[in-house]
Amino acid sequence: MKTIILAGGKSSRMGKNKALLPIGGKSIIKRIAEEFTPISEEIIIIANIPEIYNELDLSIFPDVPEFRGEGPLAGIYTGIDVADEDFCLFIACDMPFVSRKIGEYLIRELKNSGVDAVIPSHQGRVHPLFGAYHKRIQPFIKENLLNGKRKMSHLLNEVNAKIIEKQDIPEELQVEWEYCLWNLNTLEDYQKALEFYQNINKL
Ligand SMILES: Nc1nc2c(ncn2[C@@H]2O[C@H](COP(=O)(O)OP(=O)(O)OP(=O)(O)O)[C@@H](O)[C@H]2O)c(=O)[nH]1
């Protein structure tokens, strides 16, 4: 499988590039890349200012010109295009604690169940930016973007998406579930993530 990190956002609520915020001495995007390297054939970054990430030594592509900067859906469209692979795992660059075990689980479900997408959900909230997607959804994304429908929820209503809840996953993965889905939007979120990181490292 290929892992695709979406890093083409504006981080306007954070006020600085979320992907580069350090946690435990490492940027979030680097943490994600390192976490997924052991299980990925390739890690690809989709970012609109690619040179920012040169030091990561990964493949970096901007959104396709047709949809540049049109939100995460544009990043997924581009990721599917460049990965040229049936099964892709997408991860937002603002999820510092994503887990490869859960990523593997999502991809396995995608392969075994034959659906178009496998998406985690926690406490009534779906997290489509840590999800496994089949290449065949690409025409649906294109149609939505051409019609100005940028919300992930539109796409998930149109394709055959399997939503996974905590109780669906093997028990040994359930501990990781909650923090794995955590994404950071504001400085307050970042502060909480730093505290969480310090606390788990004290255990
Ligand atoms: N490739 C690509 N990724 C995007 C785009 N917009 C958002 N993302 C990524 O999608 C994820 C979620 O982004 P959001 O938090 O919704 O948006 P954001 O622009 O990063 O942040 P805000 O400006 O605060 O809304 C992050 O990993 C972003 O980098 C885009 O237009 N292209």
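Residues numbered from 1 in each chain as written. Predicted model: local features only at pLDDT ≥ 70, side-chain atom pairs only at ≥ 80, totals over all residues. Heavy atoms only, no water.

Undergrad: I'm lost on the UniProt feature "domain: MobA-like NTP transferase" (unreviewed entry) in the protein in this one. Help?
TA: Per the UniProt annotation, the sites labelled "domain: MobA-like NTP transferase" (unreviewed entry) are residues 4–157. Strand forms 22% of residues 4–157 and helix 32%; the C-alpha atoms that close the span are 22 Å apart. (UniProt positions renumbered as here; feature names shortened; annotations may be inferred. Helix = DSSP H or I, 4+ residues; strand = E, 2+ residues; numbered from the N terminus.)

Undergrad: What am I meant to see in the site of the ligand here?
TA: Residues in close proximity to the ligand total 22 residues, the closest being Leu6, Lys10, Ser12, Lys18 and Asp63. Between Arg13 and the ligand, the recorded distance is 2.8 Å, taken from a side-chain N or O atom to an oxygen atom. Take Gly71: an N or O atom from its main chain is 2.8 Å from an oxygen atom of the ligand. Protein burial of the ligand: of its 610 Å² of free accessible surface, 87% is covered by the chains. Classifying every residue of the shell around the ligand by side-chain character gives seven nonpolar, nine polar and six charged. (Near = heavy atom within 4 Å. Polar contact = N/O pair within 3.5 Å; in protein donor to acceptor, adjacent residues only side chain to side chain. Areas by Shrake-Rupley, 256 points an atom, 1.4 Å probe, with all protein chains shown as cover. Nonpolar A, V, L, I, M, F, W, Y, C, P; charged D, E, K, R; others polar.)

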